[in-house]
Amino acid sequence: MPERWSAPAPAKVNLVLEVTGRREDGYHEIDTVLQTLQLADTVTVSAAQAPRLGVSGPFASGTPLDGSNLALRAAEALANRCGRNFPCSVELVKDIPPAGGLGGGASDAATVLRLLQRAWPGTTDADLLAAAAEVGSDEPALVLGGTVRARGRGEVAEPLGSLPPHGVVLFIPPATIERKTARMFAALDALPSDDGAVAAAFAARLPAAMTSADVHNSFERVAFDLFPGLAPLWEALEARIGEPVRLAGAGPTLFWIGPESRAPAVASAAAGLACSVVETATAGSLWRP
Ligand code: C5P
């Protein structure tokens, strides 16, 4: 039996993100459709004497190496739930830019859970989803992967059929803001809530061929105010591409989605603007049909 298990941990974008209310616990109810991408970190889990985390790759800096790391917390949550000895070594190769709304940290944690499921026979999907929900809001949807609807504070994840392959181009601004996600949700409190109708319609019938115009993200209502410099970048991208671009999750990354054949031209159109450009594509789940 192998002693090391390895898999990609994909980035995600939200194709729909509605914020449908505020909860007693300070969190918000959301209704979202996530889509995983080919852009991915690589996660390796192996047996160890004591919990250990190693991080390398282009975006290694900024990844916490202590017990606050979501990947280690996920391993600990699953071990506690399944009555297993926790010690394991987790190696992350970080190719997903951090803190941009692309879900890299949450996806690393979700992939650790999937790999421990291989290492610990008898671990069920229900165990994984429960451990994932303990660690964060996006983690259960990323345990499923592919195209997923998520409700509650994000932890109630429902797998959808697969969106056909699409090209995706990410435009990543150089800086984000402190406590981004909490501030984005708080800013929306001043505005009327969504009713979830867009997410429901999208989930009921996934589009065969979508463009950025089909993407809906309520955080766009407050993103211009909160991220300095985002508005001119957004306008310049849309002018050059001749199509809308959309906010990824809670931002500040922007993205385009459309036919795979058009993605190289869209990526080239952004040359010279104040952002990193990553050309990628949608990806089906690694873990379910
Ligand atoms: O899930 P995560 O830890 O990234 O969330 C960061 C913050 O965003 C939370 O502390 C909370 O203030 C806010 N949040 C929320 N509703 C959600 C998810 C996050 O209000 N569904």
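Residues numbered from 1 in each chain as written. Predicted model: local features only at pLDDT ≥ 70, side-chain atom pairs only at ≥ 80, totals over all residues. Heavy atoms only, no water.

Undergrad: A description of the overall build of the chain should follow, citing residues and the corresponding values.
TA: The secondary structure content of the chain amounts to nine helices and eleven strands. For 289 residues, the compact-globule estimate of 2.2 N^0.38 gives 19 Å, and the C-alpha radius of gyration of the chain, at 18 Å, lies within 12% of that figure. Considering only C-alpha atoms, the chain reaches an extent of 55 × 40 × 35 Å along its principal axes. A buried classification covers 54% of the 289 residues belonging to the chain. Within the chain, contacts between residues at least 6 apart in sequence are counted, and of these 76% link residues at least 24 apart. (Helix = DSSP H or I, 4+ residues; strand = E, 2+ residues; numbered from the N terminus. Rg over C-alpha atoms; globule rule 2.2 N^0.38 Å. Buried < 20%, exposed > 50% of the residue type's maximum accessible area, 1.4 Å probe, protein only. Contact = heavy atoms within 4.5 Å.)

Undergrad: I'd like to hear about helix α8 (residues 230–241), residue by residue, with values.
TA: The α-helix advances 3.6 residues per turn, and as a result positions three or four apart in sequence lie on the same side. Taking 1.5 Å per residue, twelve residues should reach 16 Å; α8 reaches 16 Å between its end C-alpha atoms and fits that length. Taken together, the buried positions of α8 are L230, L233, W234, L237 and I241. Take α8 and look down its axis: the buried residues cluster within an arc of 100°, on one side only. For α8, the exposed residues set more than 90 degrees away from the buried face come down to P232, E235 and A239. Turning to α8, the residues buried within the fold contact β7 (167–172), α7 (220–226), β9 (246–247), β10 (254–258) and α9 (263–269). Phi turns positive, to about 75°, at G242, one or two residues after α8. (Expected span 1.5 Å × (residues − 1). Arc of directions from axis to C-beta.)

Undergrad: Can you explain the site of the ligand? Please cite residues and give values.
TA: Residues in contact with the ligand, as listed here, are G26, Y27, H28, S137, R153, T181, A182 and F185. Take H28: an N or O atom from its side chain is 2.7 Å from an oxygen atom of the ligand. Taking S137, its side chain carries an N or O atom lying 3.2 Å from an oxygen atom of the ligand. Relative to its unbound accessible area of 450 Å², the ligand is 66% covered by the protein chains. With three residues, helix α5 (residues 180–188) is the single largest residue contributor to the shell around the ligand. (Near = heavy atom within 4 Å. Polar contact = N/O pair within 3.5 Å; in protein donor to acceptor, adjacent residues only side chain to side chain. Areas by Shrake-Rupley, 256 points an atom, 1.4 Å probe, with all protein chains shown as cover.)

Undergrad: Can you lay out the pattern of salt bridges for me, pointing to particular residues and giving the numbers?
TA: Close approach of charged atoms lets side chains of opposite charge pair. Applying the stated criterion to the full structure yields 14 salt bridges. Linking E91 and R52 is a salt bridge whose minimum nitrogen-to-oxygen distance equals 2.7 Å. In this pair, E91 sits in strand β4 (residues 88–93) while R52 sits in strand β3 (residues 52–56), placing the two residues 39 residues apart along the sequence. Given the relative accessible area of 28%, E91 is considered partly exposed. Classification of R52 as partly exposed rests on a relative accessible area of 40%. Residue E134 is joined to R81 by a salt bridge in which the shortest nitrogen-to-oxygen separation is 2.8 Å. Placement of the pair is E134 in helix α3 (residues 125–135) and R81 in helix α1 (residues 70–82), with a sequence separation of 53 residues. Judged by relative accessible area, which is 48%, E134 ranks as partly exposed. Classification of R81 as partly exposed rests on a relative accessible area of 42%. (Salt bridge = Lys/Arg side-chain N within 4 Å of Asp/Glu carboxyl O.)

Undergrad: I'd like to hear about the pairing of β7, residue by residue, with values.
TA: The element β7 is largely enclosed, with a buried count of six among its six residues. In β7, alternate side chains face the same way, and those of G167, V169 and F171 on one face and V168, L170 and I172 on the other are all buried. Strand direction decides the pairing type here: β7 and β10, joined by five bridges, are antiparallel. By the bridge assignment, L170 is partnered in β10 with F255. (Pairing = 2+ DSSP bridges.)

Undergrad: Explain the environment of V143 to me, and be specific about the residues and the numbers.
TA: Assignment of secondary structure puts V143 in helix α4 (residues 139–144). Relative accessible area serves as the criterion here: at 1%, V143 is assigned to the buried category. Leaving out residues up to four positions away in the same chain, V143 has contacts with A110, L113, R114, L128, L129, A132 and W287.

Undergrad: Any chance you could break down the environment of G26 for me, citing the residues and the numbers?
TA: Of note, G26 is situated in the loop between β1 (4–22) and β2 (28–47). Taking the C-alpha atoms as reference, G26 lies 9.9 Å from F185; in sequence the two are 159 residues apart.

Undergrad: Let's hear about the packing of helix α2 (residues 104–119) against α3: which residues, and what values?
TA: Closest axis-to-axis distance for the α2/α3 pair is 10 Å, and the angle between their directions is 145°. The chirality of how α2 crosses α3 is right-handed. Taken together, the residues of α3 that come into contact with α2 (itself represented by L113, R114 and Q117) are D125, L128, A131 and A132. (Axes fitted to C-alpha atoms, helices over the stretch in contact; angles between N-to-C directions. Left-handed = near helix turned anticlockwise from the far one by under 90°.)

This is a description of form; function is not addressed.
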